[in-house]
Amino acid sequence: MSKTPQAIRGTQDIFGPDAEAFAFVVETFERVRKLYRFRRVEMPVFEKTEVFARSIGETTDIVSKEMYSFEDRGGESLTLRPEFTAGIARAYLSNGWQQHAPVKLATHGPLFRYERPQKGRYRQFHQIDAEIIGAAEPQADVELLAMADQIIRELGIDGVTLHLNTLGDGDSREAWRAALVEHFRAVKDELSEDSQERLEKNPLRILDSKDRRDMAFVADAPKIDDFLTDEARGFFDAVTSGLDAAGVKWTRAESLVRGLDYYRHTAFEFIPDEGSEAAGKLGSQSTILGGGRYDGLMEGLGGAPTPAVGWAAGIERLAMLVEPAIEQTELVFLPDEESDKLPCVQLIRVLRESGISCDMAFRKPSRKDYDKAKKAGSYRAIAVGKIADEFLTIRIRDLNIDSAPKVRGRLREALEARFHVVENKATREFRIFNR
RNA sequence: GCGAUCGUAGCUCAGUUGGUUAGAGCGCCGGUUUGUGGUACCGGAGGUCGCGGGUUCGAACCCCGUCGAUCGCCCCA
């Protein structure tokens, strides 16, 4: 412990089943986003600090105390990205992606936030992210949410529900906000300490409070529905009827607000149902996917008004809910003789090229390798020998045969493409000759 | 930023009110046995008990600090 450097607090080294789960989430995301025709984008991991400060909101916790910011050698303030949306918006403006509008974009990678680590929360964490930029139509919201829903379902995650709300357009949101401030200010002294502070910084957040003292006042607080313009209401109705048509289950969450300044209209989170297995696995960091419409963001970065919707989901959180099928080694080669290793290398190459997963130890083969291969979950071993003048004789031996896929036919086919093969079904041996 | 719990072999942990050379299982290495090479047994290596300081004749154990982990608050994915 003394001299070996430790990993930075809040970062993690992921290996084994956790790493497989992580990869499964990313692979599923990549597969589904292609079905929905979202285009892959890559952006820098760091940006000028102002990119985030101007778009996320100066007063948010993310900007005011959670950013990893530093000066580069030129004295410029840079920041490790705490989220994707701001960087994507910047890229959209600086590269003139308006020409492609409306664009459906997808990306994934690491994000950085200086927070106290806990379950499902890390200082370097990872998200999958999807955005539709340049579309003001509610159909874009539907498209985006339909993909989110399908990804979660294809990950095999149950007991998670889409919570949906509208914050209205800019005017609706401001009027509602003002009414909420008025409502809560009247009872300020009876609110929790946290909510008294929220009243100044982020009054919408009071609606989310877990403190019992706030509940009563939240219950009779002004509702967004009373402040929606006809247009905003029509927009929300179009989103919900679109979701119904797409077969996406959702529930109205009147008090769901998103923390960041740029959200308008649609706001949503996928949250595990109370008491579900998923809720138990996640602990208190329960939102696995969140997002909304951010029609005001581009202007904050000096661009023309540009409508957009997006979401992000925590890969670590999704990975906690996922149980990917473990892919085991199909064939483990266990040559007795050192001199058989090279022929095995040649065979393995041929088999792998035909899609059979194979492995062989690097070191001098030991009788214990057979035991190890079985414990590691490999399906079959290949015993190797040489009877006479053939290239090699291999014999299939079952290890974990119960769940193993059929391989004999594929093995024979792959070998015959390159060698002359004589199969003995009784002994399960293949005598392999050069052609 | 606030609070709670916890740091003993590579991993999971035990260690009795403070008392000699700190233990187990798994894993690792070696050997014997077994044999359609999948078993069983024997042995071995490996820890300055997170780090620093204090109390004591004596600290893994008590006290303080520090670093880290875990969980919760805040906030968020």
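Residues numbered from 1 in each chain as written. Chains lettered and ligands numbered in written order. Predicted model: local features only at pLDDT ≥ 70, side-chain atom pairs only at ≥ 80, totals over all residues. Heavy atoms only, no water.

## Here we look at unusual backbone geometry
Link 1 in the chain: With an omega dihedral of -5°, the bond running from A101 to P102 counts as a cis peptide bond.
Link 2 in the chain: Position of P102 among the secondary structure elements: in the loop between α4 (85-94) and β5 (103-112).
Link 3 in the chain: You will see that R37, though not glycine, has its phi angle at about 60°, which is positive.
Link 4 in the chain: With respect to the helices and strands, the residue R37 is situated in the loop between α1 (17-35) and β1 (39-40).
Link 5 in the chain: The residue R428 is not glycine, and still its phi comes out positive at about 60°. (Helix = DSSP H or I, 4+ residues; strand = E, 2+ residues; numbered from the N terminus.)

## A look at the domain arrangement of chain A
Link 1 in the chain: For chain A, the assigned domains are domain 1 (17-169 + 229-320) and domain 2 (331-433).
Link 2 in the chain: Computed from C-alpha coordinates alone, the two centres of domain 1 and domain 2 are separated by 48 Å. (Domains from an automatic or database assignment.)

## Notes on the pairing of strand β17 (residues 429-433)
Link 1 in the chain: Examined bridge by bridge, strand β15 (residues 392-398) and β17 share 4 bridges and lie antiparallel to one another. Each bridged residue has a counterpart across the sheet, and for R395 the counterpart in β17 is E429.
Link 2 in the chain: If you look at the hairpin formed by strand β16 (residues 420-424) and β17, you'll find 4 residues sitting between the two strands, and R428 has a positive phi there, around 60°. (Pairing = 2+ DSSP bridges.)

## Side note on the nonpolar core
Link 1 in the chain: I133, W176, F184 and L207 are the most contacted members of the largest nonpolar core, which totals 50 residues.
Link 2 in the chain: Of all elements in the fold, only α2 (49-56), α3 (61-65), α4, β5, β6 (124-133), α6 (170-185), α8 (212-219) and α11 (297-300) reach the threshold of two or more residues within this core.
Link 3 in the chain: The element contributing the most residues to this core is α4, with 5 residues.
Link 4 in the chain: Excluding residues that lie within four positions of it along the chain, F184 makes contacts with L191, L199, I206, L207, F217, V218 and A221.
Link 5 in the chain: Counting residues in hydrophobic clusters, the runner-up holds 46 residues, among them V142, A146, L282 and L318. (Core = buried A, V, L, I, M, F, W, Y, C linked by side-chain atoms within 4.5 Å. Buried < 20%, exposed > 50% of the residue type's maximum accessible area, 1.4 Å probe, protein only. Contact = heavy atoms within 4.5 Å.)

## Looking at the packing of aromatic side chains
Link 1 in the chain: Counted according to the given criterion, the structure contains 4 aromatic pairs.
Link 2 in the chain: With centroids separated by 6.3 Å and ring planes inclined at 70°, the aromatic side chains of F29 and W311 adopt a geometry described as edge-to-face. Within this pair, whereas F29 is found in helix α1, its partner W311 is found in strand β11 (residues 308-314), the two being separated by 282 residues in sequence. This pair shows no difference in class: F29 is buried, exactly as W311 is.
Link 3 in the chain: Measuring from centroid to centroid gives 5.5 Å for Y68 and Y114, while their planes differ by 65°, and the two rings are edge-to-face. (Phe/Tyr/Trp six-rings, centres within 6.5 Å; stacked < 30°, edge-to-face > 60°.)

## Digging into the packing of helix α13 (residues 341-353) against helix α15 (residues 408-416)
Link 1 in the chain: Their axes nearest at 9 Å, the elements α13 and α15 cross at an angle of 110°. Accordingly, the angle class assigned to the pair α13 and α15 is roughly perpendicular. α13 and α15 meet at a crossing whose hand is right-handed. For the pair α13 and α15, the contacting residues are L347, V350 and L351 in the first and L411, A414 and L415 in the second. (Axes fitted to C-alpha atoms, helices over the stretch in contact; angles between N-to-C directions. Parallel < 35°, antiparallel > 145°, perpendicular 65-115°, else oblique. Left-handed = near helix turned anticlockwise from the far one by under 90°.)

## Overview of the packing of helix α5 (residues 138-154) against helix α9 (residues 230-246)
The angle between the axes and the distance between the axes are what describe a pair of packed helices.
Link 1 in the chain: At a minimum axis separation of 8 Å, α5 and α9 run at an interaxial angle of 40°. In terms of orientation, α5 lies oblique with respect to α9. Judged by the twist between their axes, the crossing of α5 over α9 is right-handed. Residues P138, D141, V142, L145 and A146 of α5 touch α9, and the partners they reach there are F235, A238, V239, G242, L243 and A246.
Link 2 in the chain: For the contact of α5 with α9, the residue count by class is 9 nonpolar, 1 polar and 1 charged. (Nonpolar A, V, L, I, M, F, W, Y, C, P; charged D, E, K, R; others polar.)

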